[in-house]
Amino acid sequence: MSSFKSQTEQDIQSTQHMKVEVDINFPRFLEEFEKLEKREADLLLKTLSRIETMTWNDIYRSSSKTAGEKRGINYEPLDSSDRDQSIATIRVTLRFRARVCRDRRKMILISLHPDHDSAYTED
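What counts as what
- Residues numbered from 1 in each chain as written.
- Predicted model: local features only at pLDDT ≥ 70, side-chain atom pairs only at ≥ 80, totals over all residues.
- Heavy atoms only, no water.
- Helix = DSSP H or I, 4+ residues; strand = E, 2+ residues; numbered from the N terminus.
- Buried < 20%, exposed > 50% of the residue type's maximum accessible area, 1.4 Å probe, protein only.
- Contact = heavy atoms within 4.5 Å.
- Areas by Shrake-Rupley, 256 points an atom, 1.4 Å probe, with all protein chains shown as cover.
- Polar contact = N/O pair within 3.5 Å; in protein donor to acceptor, adjacent residues only side chain to side chain.

## Structural notes on the overall build of the protein
In terms of regular secondary structure, the protein is built from 5 helices and 5 strands. Listing each helix as α and each strand as β along the protein from the N terminus yields α-β-α-α-α-β-β-β-β-α. Residues counted as buried form 45% of the 123 residues belonging to the protein. Counting contacts in the protein only where the partners sit at least 6 residues apart, residues at least 24 apart contribute 46% of the total. Surface exposure of the protein reaches about 7,500 Å², of which carbon and sulfur atoms provide 51%.

## Examining the side chain of Q16
Looking at the secondary structure, you find Q16 in the loop between helix 1 (2-14) and strand 1 (21-23). Residue classification places Q16 among the buried positions, given a relative accessible area of 11%. Looking at Q16, its side chain comes within polar contact range of the side chain of R102, at 2.6 Å.

Quick look at the structure:
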């Protein structure tokens with residue numbers, strides 16, 4: 001087990017400076033995306049395109065500590081004990097946040113939340 005963990009840690013660290021790949025194939029995300037109005041869907045896709053120009057280091061730096069410092073996608077891990085393996089939220093439009101997780105280079109979009117609070121409290 002420890003060799004698996006070491007390999008996973010090495011894989012993650014080796015991808016910190018590589019461009020993020022966005023994965024939108026999670027079933028719940030796809031269902032919610034299909035229900036968006038065209039304008040909101042276009043804004044979300046624009047954000048996802050921007051994310052694909054970023055590295056994981058860029059993503060982590062987009063996190064803000066105080067409300068007045070919010071910028072960019074504002075990546076916020078829900079469980080700060082392991083940001084590389086936990087679920088986090090990101091701002092995808094002014095109206096929506098999304099739940100995401102990381103799998104090496106990929107950012108997997110899990111769900112969309114027009115009510116920002118539900119992105120943090122949903123089980």
